[in-house]
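# Structure assessment
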Amino acid sequence: MLSVHDVEKSFGGIKAVDGCSLKIKKSAIVGVIGPNGAGKTTLFRIISGFEKPDNGTIVFNGEDIEGVTSFAIARKGLIRTFQISKALTKLTVEENMLLAPQFQHGERIWNVWLRPKDVKRQEEENIEKAHALLEFLGLLRLKDEYAGALSGGQKKLLEIARALMADPKMLLLDEPFAGVNPTLAMKILERIKELRDNNGITVLVIEHDMPKIMQLSDHIYVLNKGKVIASGAPEEVRANEQVVEAYLGGVWGELR
Amino acid sequence: MLQLVVNGLVLGSILALAAIGLSMMYSILNFANFAHGDFLALGAYLTFVFSAILGVHLILAGAIAVVITALVAVCCDYVIWKPMRKKGAGSVTLIIISIGLALFLRNLIIFLWGPDLKRYDLPVKRGIELGSVVITQNQIVVIMVAIICMFLVHYLLKKTTIGKAMRALSDNIDLAKASGIDVDRVIRYTWAIGMALAAVGGILYGLITNINPNMGWFMLLPMFAAVILGGIGSPYGAMLGGIIIGLAQELSTAILPTEYKLAVAFVIMIAVLFVRPRGILGS
Amino acid sequence: MIEYLPYVITVLLIAAIYAIFSLGLNLEWGFTGLINFGHVAFFAIGAYTTVLLNLSGVPLLLSVIAGVALAGLCGGLLGIPTLKLREDYLAIVTIGFAEIIRFFLLNEEWLTRGPMGVHVFSRPFEELIPGDYNFFLFPFVLVVLVICYLLLEKLIKSPWGRVLKSIREDEDVPASLGKNVFSYKIQALVLGSMIAGLAGSLLAFYLQYINPRNFMPIETFYAWIAVVLGGSGNNKGTILGALILWTFFSGTRFAQGYLPFSPTQMGALRILFIGVLLIMIMMFKPEGLLGKKEELTLAR
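Residues numbered from 1 in each chain as written. Chains lettered and ligands numbered in written order. Predicted model: local features only at pLDDT ≥ 70, side-chain atom pairs only at ≥ 80, totals over all residues. Heavy atoms only, no water.

### Observations regarding the overall build of chain B
So the rule is basically this: By the criteria applied, helices consist of DSSP H or I runs no shorter than four residues and strands consist of E runs no shorter than two, each listed in order from the N terminus. Accessibility here uses a 1.4 Å probe with only protein chains present; expressed as a share of the type maximum, an area under 20% marks a residue as buried, one over 50% as exposed, and anything in between as partly exposed. We call two residues contacting when some pair of their heavy atoms lies within 4.5 Å. We get accessible surface area from the Shrake-Rupley algorithm with a probe of 1.4 Å; when it comes to residues, only the shown protein chains can shield them. Note that His is not counted, nor are the chain ends; the positive residues are Lys and Arg, and the negative ones are Asp and Glu. Every charge is mapped onto a representative atom, which is NZ of Lys, CZ of Arg, CG of Asp or CD of Glu.
If you tally the helices and strands in chain B, you get 11 helices and 2 strands. Listing each helix as α and each strand as β along chain B from the N terminus yields α-α-α-α-β-β-α-α-α-α-α-α-α. When the backbone C-alpha atoms are referred to their principal axes, chain B occupies close to 60 × 45 × 35 Å. Across the 283 residues in chain B, those meeting the buried criterion constitute 58%. Sequence separation of 24 or more characterises 75% of the internal contacts of chain B that already satisfy a separation of 6 or more. Total accessible area computed for chain B in this model is approximately 11400 Å², and 68% of it derives from carbon and sulfur atoms. Averaged over its 19 positive side-chain charges, chain B has a centre that lies 7 Å from the centre of its 11 negative ones.

Here it is, written out as structure tokens:
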């Protein structure tokens, strides 16, 4: 589904990503872990087109996408969320959701003026879909609130719901559980697995919450200083000496 | 042709001086100050008021004007910019406030001293002829003052604590804050110095031609062109950009009507945005 | 009272023309967050194109359409080098463009008759209207204003408008959801410029005689004050803002007789006041009169 090969990116002489390669199969849930500054978010920015790589190739669904602009990548079905949640605080929860569907009739000026019926019909379909998703995540009663009034965890949820509204083939989730209460986090986790099982969606997720990512992922990549230092099934990574050595103490200490 | 080069260098050194402050504020406060040109006009008018109306000697009048202009800039920081910084205002808000300030200053000048052209009370002296080229004494004064000011800026930025703090602030304001620099104080100094330079630019402009309330407005586009060409945040880029724009504007009069000087700055600016948006010396 | 009617109608007429002009800016700034400091350029392009084409024999309606189209085209062209870069580049480039257009109008006498200006050749339905033409032109402009308002409201409440608002707040989000942010910004700028062009045609019909002095840079800021005063991103507010502005202007004309200032000084005072008002609103009431505080993204 997604193959990243030897991607490099440096900022002012510092290599943020230094020859990263990942291979992600269709319908897999893959985790990316590593200490702060390992280059995880930069890698995400490169894959999603928000940053151009200095070197390397990225193939998504059979197409080269390195250097393609962000919106064009999103249109191919690769949808990302942001580490620091980017719920649009000045729009309502519902408007946030309705922004996401792609190729809406009403996104063209002429259609708005000349085909108002089609626009309206599609809008109603989208509202229905949005309400179902919001209901599932327990946000429905907040649909008319400005997203700015939501708690940090709720914003995170909204962002994931919004990404799902876009019918992605693949999701890039940047720390989806940060600040979300454990019950809800479990719910999201189940939902992601469900989407994979039923819709064949592929997921690449950055996460600091070790137990969750071990539970969620089929496969894990460990990044350090812009390089992949280990990869494999969660148990393998947990047992990998190099990883443990690099991260003695902290969360990794707890893991053992 | 050579005459145009001389004229271009004269205009260019004025633009260069004025653009330094614009560029510094652009990178430190992260917004384009559209009132910059009107501070330039303010400096020119204050000089006129002190010399032609109150009879102070021109050099002294200029010095007083520069000091007052800098003080006005610092006052504006206290009244407008600092409270807005505290609120965390975005750059778009600051830009709109700056255009409001520009309208205010320009029309204050018109209100107080009228809309028509003014001249400094200068003795008319014959220019120095070098072959086919005529250089007036005032033009020489302009270039010399500009060079001296540029050296002063260079010294200030490289050797003094405040200058180093300015550069640190313009490189990375968060890092500068973290390292314990008193950001507000440095910003006040930057306003004072930047606007003082603009005022000098305005006064020098008055030496070579008439002054009018709209002079700042007409200088605004060439100044922005200079800043963008040189690279936002680079004082040396602004100097270089100013001289290039000044030369280009004057040389263009060989083939275009003089009214289109402004269009030359505009075209250069657009070209820079297409080809190298970070400018010649920008990072 | 009745003897004041023509005066009142004229003030309302001008306010309505400027309301249309300002609605264009509100689309750009209020809804999309684009800073256009050269809005007057499109006003001028609309007015001059309409009058000059009509003068050379093109039917009036076609001339107006051409003026609107040319204004839109110029807006789009200015967007191309700037809208992918930082937000202030558009402001700088538009401010320069407006000045260049004005110099062009002043200097290219073969086309524009320079400072002499151009007389308006014909006005809509002029031959059918007996008496004071403004009594017809005002309702006519009012209808155009209402149509513009309704079309814009429809757009703003559509998915298209939603994308604009999302760009205004944080363009990374629409980009991450597959929206071509650059294209939307261009669309907003083109449409806003077209509306300004239309307002320009109407202004020409009102003035009957246009010259470059009608298109001084300050005109742009009349639109800004209308938008910001009424509430950025609120079309009703913009119309209210334009009305307040022109009521204020006509008020100052009356005040003229009681103040010891020359007409030039009065003019300067007016603009000085506009500058102060702009600063005050942005500092203390950025949501304007009718804007919603919760939706305030532009003036945080």
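More follows now that the structure is in view.
### A few points about the interface of chain C and chain B
Put simply, an interface is often sized by how much accessible area is lost when its parts join up. The line we're drawing: Computed with a 1.4 Å rolling probe, the buried area is the accessible surface lost when two parts are put together, summed over both parts. For this document, the term salt bridge refers to a Lys or Arg side-chain nitrogen within 4 Å of an Asp or Glu carboxyl oxygen. Polarity classes work like this: nonpolar for Ala, Val, Leu, Ile, Met, Phe, Trp, Tyr, Cys and Pro, charged for Asp, Glu, Lys and Arg, and polar for all others, with Gly in that last group.
Contacts between the two partners involve 46 residues from chain C and, on the opposite side, 46 residues from chain B. Summing both partners gives a buried area of about 4000 Å² for chain C against chain B, and 79% of it is carried by carbon and sulfur. In terms of surface lost to chain B, no three residues of chain C exceed C:Tyr89, C:Ile92 and C:Met283, which account for 16% of the buried area on that side. Our count for the chain C to chain B interface comes out at 0 salt bridges. Sorting the residues of the side of chain C that touches chain B by element identifies helix H3 (60-82), helix H4 (87-107), helix H10 (218-230) and helix H12 (263-284) of chain C as the ones contributing at least two each. Per-element tally for the side of chain C that touches chain B: the top contributor is H4(C), with 15 residues. Here the side of chain C that touches chain B is built from residues that sort into 33 nonpolar, 6 polar and 7 charged.

### Things to note about the interface of chain A and chain C
Selection rule: Polar contact is the term for a pair of N or O atoms within 3.5 Å; when the atoms are in protein, one must be able to donate a hydrogen and the other to accept it, and sequence-neighboring residues count only if both atoms are side-chain atoms.
Between chain A and chain C, the residue contacts involve 33 residues of the former and 28 residues of the latter. Taken together, both faces of the contact between chain A and chain C bury some 2800 Å²; the carbon and sulfur share is 63%. The interface formed by chain A and chain C includes 5 salt bridges. Residue C:Lys165 pairs with A:Glu95 through a salt bridge whose shortest N-O separation is 4.0 Å. Where chain A meets chain C, there are 14 residue pairs in polar contact (both at pLDDT 80 or more). Elements represented by at least two residues in the side of chain A that touches chain C include exactly helix H2 (70-75), strand E6 (78-80), helix H3 (93-99), helix H4 (109-114) and helix H5 (116-136) of chain A. Looking at the side of chain A that touches chain C, the element that brings in the most residues is H2(A), giving 4 residues. A class-by-class count of the residues in the side of chain A that touches chain C yields 19 nonpolar, 5 polar and 9 charged.

### Comments concerning the sheet that holds strand E4 (residues 55-60) of chain A
Residues and elements named next belong to chain A. Note the following rule: Two strands pair under a simple rule: DSSP has to find at least two bridges between them. Each axis is a line fitted through C-alpha atoms, taken for helices only over the stretch in contact, and angles between the N-to-C directions span 0 to 180 degrees.
Sheet architecture is open: 4 strands sit in the order E2-E1-E4-E5, paired in antiparallel fashion. Each of the sheet's edge strands pairs with one partner strand only, and the pair in question is strand E2 (14-24) and strand E5 (63-64). The pairing of strand E1 (residues 2-11) with E4 spans 5 bridges and is classified as antiparallel. Paired with Ser 3 across the strands is Val 59, a residue of E4. The sheet strands contacting helix H1 (residues 40-47) are E1, E2 and E4, and the helix crosses E1 at an angle near 115°.

### Some points on unusual backbone geometry
All names here are of chain A. The phi dihedral of Ser 27 is positive, around 65°, even though this residue is not glycine. By secondary structure assignment, the location of Ser 27 is in the loop between E2 and strand E3 (29-33). In this structure, Lys 225 takes a positive phi of about 50° despite not being glycine. Assignment of secondary structure puts Lys 225 in the loop between strand E9 (219-224) and strand E10 (227-232).

### As for empty space enclosed by the protein
Empty space among the atoms becomes apparent when a probe as large as a water molecule is rolled across them. For clarity, the cut-off: In this analysis the probe radius is 1.4 Å and the grid spacing 1 Å, with only protein atoms considered; a cavity is a set of points the probe fits into but cannot get out of, a pocket is an open set with protein on both sides within 12 Å along at least five of seven lines, and lining residues have an atom within 4 Å of a point. Grid points are joined across faces, edges and corners, and a volume is the space filled by probe spheres set on the points.
Scanning the model with the defined rule gives 4 cavities of 30 Å³ or more in all. Counted as a void, the largest cavity has a volume near 60 Å³. In terms of lining residues, the largest cavity is bounded by B:Trp217, B:Phe218, B:Leu220, B:Leu221, B:Leu262, C:Ile95, C:Gly96 and C:Glu99. Secondary-structure elements contributing two or more residues to the lining of the largest cavity are helix H9 (215-230) of chain B together with H4 of chain C. No other element matches the 4 residues that H9(B) contributes to the lining of the largest cavity. Split by residue class, the lining of the largest cavity holds 6 nonpolar, 1 polar and 1 charged.

### Observations concerning helix H1 (residues 5-31) of chain C
Residue and element names in this part refer to chain C. What counts, and what does not: One less than the residue count of a helix, multiplied by 1.5 Å, gives the span that helix is expected to have.
Relative to the 39 Å expected for 27 residues at 1.5 Å per residue, H1 spans 36 Å between its end C-alpha atoms, a close match to the ideal helical length. Burial of H1 is extensive: 22 of the 27 residues sit out of reach of the surface. Phi turns positive, to about 85°, at Gly 33, one or two residues after H1.

### Concerning the domain arrangement of chain A
Residue and element names in this part refer to chain A. So the rule is basically this: In this document the domain limits rely on a domain assignment from an automatic tool or a database.
The domain architecture assigned to chain A consists of domain 1 (2-87 + 167-255) and domain 2 (89-149). Using C-alpha coordinates to define each centre, domain 1 is positioned 28 Å away from domain 2. Contact with domain 1, which involves 9 residues of that partner, is made by 9 residues of domain 2. At the boundary of domain 1 with domain 2, total buried surface from both sides reaches about 780 Å², with 56% on carbon and sulfur atoms. Our count for the domain 1 to domain 2 interface comes out at 1 salt bridge. Notably, a salt bridge pairs Lys 129 with Asp 167, separated by 3.0 Å at the nearest N-O pair.

### Regarding the environment of B:Ala248
Residues and elements named next belong to chain B. Take Ala 248: it is sitting in helix H10 (residues 235-252). The spacing of Ala 248 and Leu 4 is 244 residues in sequence and 9.5 Å in space, taken between C-alpha atoms. What Ala 248 contacts, discounting residues up to four positions off in sequence, is Val 264 and Ile 268.

### Observations concerning the pairing of E1(A)
All names here are of chain A. The sheet contact formed by E1 and E2 spans 8 bridges and is antiparallel. Each bridged residue has a counterpart across the sheet, and for Val 4 the counterpart in E2 is Leu 22. Remark: 2 residues form the turn of the hairpin made by E1 and E2, two consecutive strands paired antiparallel; Gly 12 in that turn has positive phi of roughly 50°.

### Section: the nonpolar core
Threshold: Among buried residues, those of type Ala, Val, Leu, Ile, Met, Phe, Trp, Tyr and Cys that are joined through side-chain atoms within 4.5 Å constitute a nonpolar core.
Counting residues in each nonpolar core, the largest one holds 260 residues, and the members touching the most others are B:Phe34 and C:Phe37. For this core, the element with the most residues is H1(C), which contributes 16 residues. Here this core spans two domains, since at least three of its residues come from each of domain 1 (2-87 + 167-255) and domain 2 (89-149) of chain A. Once residues within four sequence positions are removed from consideration, B:Phe34 is found in contact with B:Ile95, B:Ser98, B:Ile99, B:Ala102, B:Leu220, B:Phe224, C:Phe37, C:Ala91, C:Ile92 and C:Ile95.

### Notes on the side chain of B:Lys118
Residues and elements named next belong to chain B. For Lys 118, the position within the fold is in the loop between helix H4 (91-113) and strand E1 (128-130). Residue class for Lys 118 comes out buried when judged on its relative accessible area of 15%. Of the polar contacts made by the side chain of Lys 118, one reaches the backbone oxygen of Trp 113; its length is 3.0 Å. Reaching out from Lys 118, the side chain makes a polar contact with the side chain of Asp 116 at a distance of 3.1 Å. Setting aside residues up to four positions removed in sequence, Lys 118 forms contacts with Tyr 45, Phe 48, Trp 113, Asn 210 and Ile 211.

### Notes on the confidence of the model for chain A
The line we're drawing: Every residue gets a pLDDT, meaning the predictor's confidence in that residue, from 0 to 100.
Per-residue confidence for chain A gives a mean pLDDT of 87, with 95% of residues at or over 70. Counting contacts from residues 252-256 of chain A, a segment whose pLDDT is below 50, to residues more than four positions away or on other chains yields 11 contacts.

### Focus: the arrangement of the chains
Inter-chain contacts occur across 2 pairs of chains; the most extensive set of contacts lies between chains B and C. With respect to C-alpha atoms, chain A approaches chain B no nearer than 10 Å, and the pair has no contact.

### Observations concerning the pattern of salt bridges
All names here are of chain A. Taken as a whole and assessed by the stated rule, the structure comprises 29 salt bridges over all chains. Ionic pairing is found between Asp 18 and Lys 227, a salt bridge with its closest N-O pair at 2.8 Å. Taken together, the positions of Asp 18 in strand E2 and Lys 227 in strand E10 put the pair 209 residues apart, joining distant regions of the chain. For Lys 227, a relative accessible area of 41% puts it in the partly exposed group. Where Asp 118 meets Arg 121, a salt bridge forms, and the shortest distance between an N and an O atom there is 3.2 Å. With Asp 118 and Arg 121 both in helix H5 and 3 residues apart, the pair spans about one turn of that helix. Within the structure, one salt-bridge network assembled from shared partners comprises Glu 8, Lys 15, Asp 18 and Lys 227.

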